[in-house]
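Report on the structure
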Amino acid sequence: MITKRALTYWVKNSNMKLQLILLVVIFFTVAVRLIPLEMQKKIINQAISMRKVDLLLMYSGFYIASVVAASLLKYLITVLQTYIGQESLAEMRKGLYAHILTLPLGYFRKANPGMVVSSLVTELAPAGEYVGQSLAVPVTNLLTLLAFAGYMFFLNPIMAGISIALYPFVIYLVPKLQKKTNSANKERVDVTRNLSSHINETISGIHEIHGNGSYRIENRKYGDFVDRLFKIRITWILYRQGIKVLNNFFQNLGPFLLFIVGGYLAIQGRFDLGALVAFLSAYEKIYDPWKELMDFYQVHNDASVRYNRVMEYFDAKPEFELEPEGRDPVKLKGDIEVQNLGFTVSGNIRLLKQINMRLKPGEQMALVGFSGSGKSTLAQCVSQLYKYTSGSVKIDGYEVNELTKADLVHNMGIVAQSPFIFSGTIKDNLLYSCAAIIDNDPEAEQKMPDRDNMIEAIQQAGIFVDVLRFGLNTLLDPDKEAELSERLVRVRKNFHSDYGDKLAEHVEFYRAGQYLVYSSVAGNITFGHANDESFSGRALVSNEYFLAFLKEAQLETPLLSLGRELAKQTVDILGNLPPDEVFFEQSPIPSEEFEGYKQLIARIEDIPLPDIEEKDREMLLHLALSFVPGRHKIVALPTVLQGLILDGRKMFNAKVLAERPETFSFYQMTEFIPSQTILDNILFGKPKTDHPKVQDTINQSLIQLLIEEDLLETVVELGMEFQVGTKGDKLSGGQCQKLAIARTFLKNPPIMIMDEATSALDNRSQNRIQGLLETKWKGKATLISVIHRLDTIKNYDKVAVMKAGKLMEVGPYEELMERKGLLYELVHGAH
């Protein structure tokens with residue numbers, strides 16, 4: 001198990017080929033680093049003293065060549081040790097992550113997600129750095145130390161002995177300081193983890209903090225953590241710096257002794273000047289490997305502390321084997337027998353007591369009961385999510401606690417009350433269960449469900465319309481999807497031909513000679529979609545090309561006048577009302593910008609349009625260009641201005657096509673618009689309202705045409721590529737549940753566990769899923785369904801009623817109701 005591996009394991013099992021290359025490079029590096037010392041002596045004693053320029057140039061050349069070579073070799077050592085370290089770090093992270101995924105669910109009740117993240121991402125990093133340095137740093141610096149020390153003894157044994165005599169004191173004192181440092185570092189790591197957990201908990205419960213106004217309480221808790229960490233970090237840093245100060249002191253003490261002894265010997269003529277310079281240079285250079293060894297010593301200790309703490313934190317065993325040995329996963333039919341089942345958690349709390357039940361293959365059972373009665377816990381024990389502590393759960397005669405994870409996942413589909421949706425596409429999440437059971441299978445592609453299977457699953461789960469909508473909101477690249485783009489233009493023509501008159505009251509279609517009251521003034525002028533961001537949104541009012549066109553088309557002054565009138569009327573009407581979105585639904589000024597326009601009107605009240613400052617003109621122009629007459633009912637658009645805008649549309653179209661054709665995609669019935677969604681391309685217009693009934697009418701018309709053009713599946717397939725966001729945050733709770741249900745239906749398992757799987761759905765959707773379970777899946781899959789809504793349980797083969805961890809009664813619905821026991825009490829208490 002990875003948590004039992006010592007840090008030295010990763011050193012021994014790192015890339016040995018690179019380690020050998022590294023050793024060879026190190027030996028060359030150490031040898032090359034001695035050359036400059038000898039060259040210094042020769043330059044002074046031979047070249048300078050003998051006044052020979054040729055020797056000066058030759059020795060200087062050797063000197064610079066050796067310095068360059070040593071630098072390049074040092075860089076190569078850094079590259080090799082970095083690669084070795086990062087490779088080992090990657091293996092550590094992969095191995096630990098794989099181990100964490102297999103840990104029991106009970107472990108994650110205590111483990112904090114922030115702690116797991118910091119352990120994998122931050123805490124292991126020093127260990128990887130250490131592995132990379134573990135050979136290169138000590139070997140390089142020890143060899144360099146020995147080489148320089150040997151060279152110093154060669155020059156003068158007495159001075160070398162004095163120099164080396166200082167180091168035993170350092171070797172004695174540093175470990176003592178390091179022990180204190182390690183102790184402080186362990187405490188720092190623990191407190192940092194606790195602080196990380198506290199922050200994660202606070203952010204997760206931010207709604208409670210806002211709801212209870214407990215800001216001071218949480219600030220106080222956080223402050224206590226920070227204060228404690230403050231004291232620990234000061235202690236830790238002071239010990240670390242103390243080691244550095246000690247090293248520096250002894251390093252600076254050395255030259256003092258050398259100058260006295262060496263200077264005396266030189267004065268006595270017993271030591272030549274070149275040798276003294278070389279000796280002092282060697283002593284200075286001997287400090288570098290010593291310093292690096294001291295730094296490495298600290299890296300080793302820091303890495304050891306962090307690595308050991310991480311491995312201790314995750315030192316737990318998986319409850320079940322992942323894969324069976326020597327056999328394929330068993331194939332189960334779904335005969336479930338539970339006898340005397342008990343489940344006790346830490347603190348001797350018994351969540352389940354003496355549970356007995358039996359389900360034949362294909363039977364369906366509803367688990368009902370009061371909150372906290374153990375319904376979900378029972379389902380989770382049967383599905384091997386928790387390891388029961390007593391009794392027996394057998395499926396087709398196999399004890400669940402003795403089966404591997406692979407045995408269960410190949411035969412069971414689970415839908416949780418709050419299913420997790422992973423980052424990626426709808427398709428990725430839909431195929432998640434299927435992909436897991438055929439992973440590493442050579443025929444995985446052939447066994448993966450096809451498009452028709454996926455569409456059938458999302459239809460059954462009731463998410464088909466949502467996926468279709470995602471597909472219709474997709475942007476297509478006509479260069480890559482030329483055929484599909486052409487077919488969609490055909491659908492557009494048919495849509496307008498077949499449904500244009502019928503939907504005219506709901507959709508404002510794009511017509512070249514008609515003013516579009518449900519589009520903005522800017523949209524009416526451009527009559528197309530900007531391919532250049534400087535021609536869209538707020539950027540339009542500062543776009544010099546567009547502003548020059550407005551002047552040329554004599555639209556600037558009328559639009560500024562419109563903007564002024566819009567601002568004035570809106571401020572007059574809404575000025576004394578609270579900034580509630582309800583009041584601003586038909587306002588051309590959004591609530592968050594209202595105060596700014598209120599101040600603008602006060603500033604320009606008596607100023608003529610031509611004298612208004614540039615910034616204020618931009619605000620007025622933006623307001624006018626954003627004005628949508630069909631939605632912003634506060635001010636009517638003058639008929640004269642409509643005519644000017646339509647004339648301006650023609651001028652803008654001609655000007656852009658002649659001068660900057662790549663800037664806009666203009667609306668033409670025969671052309672696909674790349675910057676518009678599939679839906680907008682087919683509609684070739686804008687809905688006048690977002691009322692659900694109107695949207696349904698439009699959707700039904702579109703679906704019919706897509707079916708006729710044999711494009712429905714293609715668009716749905718595009719919808720399956722919709723990115724669901726982090727944790728599915730781009731989907732509603734109901735959509736997440738539907739997707740999880742579709743995922744299980746697609747897997748088509750012989751056993752299904754549904755833990756309040758439809759709790760986030762509306763009544764109509766819940767009834768639809770229930771009806772499907774009672775028809776398509778009846779007799780096909782054994783079903784255990786934890787249910788809250790008691791009006792949906794009548795057609796289950798069995799109803800099991802739980803209370804306080806016990807199974808109180810089991811039987812058909814009618815039979816239990818006739819007994820007038822606990823189910824009768826629950827049903828009538830619910831009414």
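Below is a summary of the structure that appears in this document. (Residues numbered from 1 in each chain as written. Predicted model: local features only at pLDDT ≥ 70, side-chain atom pairs only at ≥ 80, totals over all residues. Heavy atoms only, no water.)

Quick notes on the packing of helix H17 (residues 451-461) against helix H28 (residues 712-719)
Which entries qualify depends on this criterion: Here an axis means a line fitted to C-alpha atoms, over the contact stretch when the element is a helix, while the angle between two N-to-C directions is reported on a 0 to 180 degree scale. Strands here are runs of E lasting at least two residues and helices are runs of H or I lasting at least four, both read from the DSSP assignment and numbered beginning at the N terminus. Any angle that falls under 35 degrees is termed roughly parallel, while one over 145 is termed roughly antiparallel, one within 65 to 115 roughly perpendicular, and all others oblique. Residue contacts follow a heavy-atom distance rule, with two residues in contact if any of their heavy atoms lie within 4.5 Å. Amino acids outside the nonpolar list (Ala, Val, Leu, Ile, Met, Phe, Trp, Tyr, Cys, Pro) and the charged list (Asp, Glu, Lys, Arg) are all regarded as polar, and Gly is one of them.
Viewed as axis vectors pointing N to C, H17 and H28 meet at an angle of 75°, and their least axial separation amounts to 11 Å. On the basis of their axis angle, the class for H17 and H28 is roughly perpendicular. In contact with Arg451, Ile455 and Ile458 of H17, H28 contributes Glu713, Thr714, Val716 and Glu717. Looking at the contact of H17 with H28 residue by residue, the class counts come to three nonpolar, one polar and three charged.

Points about the environment of Ala127
Quick note on the threshold: Throughout, exposure labels follow a simple rule: accessible area from a 1.4 Å probe, protein chains only, divided by the maximum for the residue type, with under 20% read as buried, over 50% as exposed, and the rest as partly exposed.
Relative to the assigned elements, Ala127 resides in helix H6 (residues 125-155). For Ala127, a relative accessible area of 1% gives the class buried. Distance in space between the C-alpha atoms of Ala127 and Trp10 is 9.1 Å, their sequence separation being 117 residues. Discounting residues that sit within four places of it in the chain, Ala127 has contacts with Leu7, Met92, Ala303 and Tyr307.

Comments concerning unusual backbone geometry
Although it is not a glycine, Gln354 sits at a positive phi angle of roughly 50°. Structurally, Gln354 can be placed in strand E2 (residues 349-359). Classification of Gln354 as partly exposed rests on a relative accessible area of 48%. A positive phi angle, near 55°, is found at Lys727, a position not held by glycine. Here Lys727 is to be found in the loop between H28 and helix H29 (733-747).

As for helix H25 (residues 639-659)
For the record, the criterion: Multiplying one less than the number of residues by 1.5 Å gives the expected span of a helix.
With 21 residues, H25 extends 30 Å from end C-alpha to end C-alpha; this agrees with the ideal 30 Å at 1.5 Å per step. Within H25, the full set of buried residues consists of Leu641, Ile645, Leu646, Gly648, Arg649, Phe652, Lys655 and Val656. Where H25 is buried, its residues meet helix H20 (521-526), helix H21 (544-552), helix H22 (556-574) and strand E9 (664-666).

Structural notes on the packing of aromatic side chains
As a reminder, the rule being used: In this analysis, rings of Phe, Tyr and Trp, with Trp reduced to its six-membered ring, are considered paired at centre separations within 6.5 Å, and the interplanar angle assigns stacked below 30 degrees, edge-to-face beyond 60, and tilted for intermediate values. Throughout this description, the term charge over a ring refers to an Arg CZ or Lys NZ atom that lies within 6 Å of the ring centre and within 35 degrees of the ring normal.
A full pass over the atoms with the stated rule returns 26 aromatic pairs. Look at Tyr510 and Phe527: their rings are 6.1 Å apart centre to centre, the planes differ by 75°, and that puts the pair in the edge-to-face class. Taken together, the residues Tyr510 in the loop between strand E7 (507-509) and H20 and Phe527 in the loop between H20 and strand E8 (528-530) connect sequence positions 17 residues apart. Ring plane angle 0° and centroid distance 4.1 Å describe the contact between Tyr510 and Tyr667, whose orientation is recorded as stacked. One end of the pair, Tyr510, is in the loop between E7 and H20; the other, Tyr667, is in the loop between E9 and helix H26 (678-683), and 157 residues separate them in sequence. Judged on exposure class, the residue Tyr510 and its partner Tyr667 are both buried. Among the aromatic residues, those joined into a ring-pair cluster are Phe535, Tyr545, Phe546, Phe549, Phe652, Phe664 and Phe666. Of note, Lys387 hangs over the ring of Phe320, and the distance from its end group to the ring centre comes to 5.7 Å.

Notes on the nonpolar core
Using the following cut-off: Within this scheme, the nonpolar core is defined by two criteria: the residues are buried Ala, Val, Leu, Ile, Met, Phe, Trp, Tyr or Cys, and they are joined through side-chain atoms within 4.5 Å.
Counting 77 residues, the largest nonpolar core has Ile793 and Leu823 as its most contacted members. What Ile793 contacts, discounting residues up to four positions off in sequence, is Ala366, Val368, Ile787, Val799, Tyr813 and Leu823. Formed by 47 residues, the second largest nonpolar core is a distinct cluster that contains Leu559, Ala567, Leu600 and Leu621.

Considering the sheet that holds strand E3 (residues 364-369)
We count it as follows: The pairing criterion for strands is at least two bridges between them, as found by DSSP.
Taken in spatial order, the six strands of this open sheet run E6-E11-E12-E3-E13-E14, and their pairing is mixed. The sheet terminates laterally at strand E6 (412-415) and strand E14 (806-811), the two strands that pair on one side only. For this sheet, the mean inter-axis angle between neighbouring strands, taken without regard to orientation, is 15°. Where E3 meets strand E13 (residues 798-803), five bridges bridge the pair, whose relative direction is parallel. The residue bridging Gly369 from the neighbouring strand is Met802, located in E13. Packed onto the sheet, helix H12 (residues 375-382) meets E3, E6, strand E11 (751-755), strand E12 (782-786) and E13 and runs at close to 145° relative to E3.

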